[in-house]
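# An overview of the molecular structure
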Amino acid sequence: MQLSLEKNRAIVTGASSGIGEGIARALAAAGASIIVNYRSDRESAERIASEIRETGGRAEPVQADVSKPEDCEKLFDAADRLFGGVDIVVANAGIQRDAAFTDLSLEDWRKVIDVNLTGQFLCAQEAIRRFRQQGIDRDRSPALGKVIFTNSVHQEIPWAGHANYATAKGGLKLLMETMAQELACEKIRVNAIAPGAIKTDINRDAWEDEEARRKLLELIPYQRIGEPEDVGQAAVWLASDASDYVVGTTLFVDGGMMLYPGFRKGG
Ligand code: BGC
């Protein structure tokens, strides 16, 4: 099945690298116009947007720190100005600041909660307000709008040494589900993608050297580390009307990481 996002306009936060970049490129390849949001890496966001344009797509880089409400507004104003509105919002921006529990500073606790949980909340809240202002356009979609959160297998799997990250992701799961329950009656679809180990800069330590890679593969039944494109393809489906009846779901894109691989032999 060929999925088309023609006529759709999407904001992807944290799109200047990693999973966000993969999602932005995949949505663009399916025909959507993309706001490529970045916080600090302007060069990379500009490169991604211009590569999308070179292949016939529409994309514009826009700076915003999603943990700041005024920046989120700026992001949506840019979508209005450049594309006349927004239909798909992928709240993706996320960071890690890892430390053993008793070494975790209040600053790093706050930073991760601010970006990975509050940032997603702010961006989603602004998305819903804009969807309502725009109103439904049945030529474009049976939905008023779609929000997709990038979550993680760590919305379920506890993660020693990453209490701030796992807490934010666990909170994000219930934010997504609560929003989905509250907003489905307005034809707003809220869902999440939960990637496992995807080869990006955020987890370079886990795949760069051979020993780390071997250990990581023990956690992945499908025996390969994921690529940003794997997540991008899932995002295209969730953003398209092919998934019109999918509401409040988390789609795991993890090569089976959620299947307790340790139990293949034990138990
Ligand atoms: C983290 C990665 C990690 C993966 C699987 C992701 O949410 O950002 O660093 O490799 O989960 O543990």
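For the structure itself, consult the block above.
Quick summary incoming for the structure in this document. (Residues numbered from 1 in each chain as written. Predicted model: local features only at pLDDT ≥ 70, side-chain atom pairs only at ≥ 80, totals over all residues. Heavy atoms only, no water.)

### Brief notes about the layout of surface pockets
Estimates place the volume of the second largest pocket at around 240 Å³. As for the second largest pocket, its lining consists of Phe121, Ala124, Gln125, Ile128, Arg129, Arg132, Leu175, Thr178, Met179, Glu182 and Leu183. Where the lining of the second largest pocket is concerned, the elements lending two or more residues are helix H4 (106-134) and helix H5 (163-183). If you tally residues by element for the lining of the second largest pocket, the top one is H4, at six residues. Of the residues belonging to the lining of the second largest pocket, the class tally is six nonpolar, two polar and three charged. (1 Å grid on protein atoms, 1.4 Å probe; cavity = no way out; pocket = protein on both sides within 12 Å on 5 of 7 lines; lining within 4 Å. Points joined across faces, edges and corners; volume = space filled by probe spheres on them. Helix = DSSP H or I, 4+ residues; strand = E, 2+ residues; numbered from the N terminus. Nonpolar A, V, L, I, M, F, W, Y, C, P; charged D, E, K, R; others polar.)

### What to know about the site of the ligand
The ligand sits among Gln96, Ser152, His154, Trp159, Tyr165, Gly196, Ala197, Ile202, Asn203 and Met257. Here an oxygen atom of the ligand and a side-chain polar atom of serine 152 are 2.7 Å apart. Surface burial for the ligand is 89%, taken as the share of its 310 Å² of free accessible area covered by protein chains. In terms of residue class, the shell around the ligand is built from five nonpolar, five polar and no charged. (Near = heavy atom within 4 Å. Polar contact = N/O pair within 3.5 Å; in protein donor to acceptor, adjacent residues only side chain to side chain. Areas by Shrake-Rupley, 256 points an atom, 1.4 Å probe, with all protein chains shown as cover.)

### A few points about the sheet that holds strand S3 (residues 58-63)
One open sheet accounts for seven strands, arranged S3-S2-S1-S4-S5-S6-S7; its pairing is parallel. Whereas interior strands pair on both sides, the edge strands pair on one side only; in this sheet they are S3 and strand S7 (250-253). Sheet twist, expressed as the average angle between the axes of neighbouring strands with direction ignored, equals 20°. Looking at chain direction, strand S4 (residues 88-91) and strand S5 (residues 145-150) are connected through four bridges and run parallel. Across the sheet, valine 89 pairs through a bridge with valine 147, a residue of S5. Packed onto the sheet, helix H1 (residues 18-29) meets strand S1 (9-12), strand S2 (33-38), S4, S5 and strand S6 (188-195) and runs at close to 170° relative to S1. Running at roughly 170° to S3, helix H2 (residues 42-54) makes contact with S2 and S3 of the sheet. (Pairing = 2+ DSSP bridges. Axes fitted to C-alpha atoms, helices over the stretch in contact; angles between N-to-C directions. Contact = heavy atoms within 4.5 Å.)

### Overview of the pattern of salt bridges
Tallying each qualifying case throughout the model produces 22 salt bridges. We note a salt bridge from lysine 68 to aspartate 65, for which the minimum N-O separation is 3.8 Å. Here aspartate 65 falls in the buried class, since its relative accessible area comes to 10%. Among the salt bridges present, the one from arginine 214 reaches glutamate 211, with a minimum N-O distance of 3.0 Å. Linking arginine 214 with glutamate 211, this pair stays in helix H7 (residues 210-217), spanning three residues, or about one helical turn. Overall, the relative accessible area of 42% leaves glutamate 211 in the partly exposed class. (Salt bridge = Lys/Arg side-chain N within 4 Å of Asp/Glu carboxyl O. Buried < 20%, exposed > 50% of the residue type's maximum accessible area, 1.4 Å probe, protein only.)

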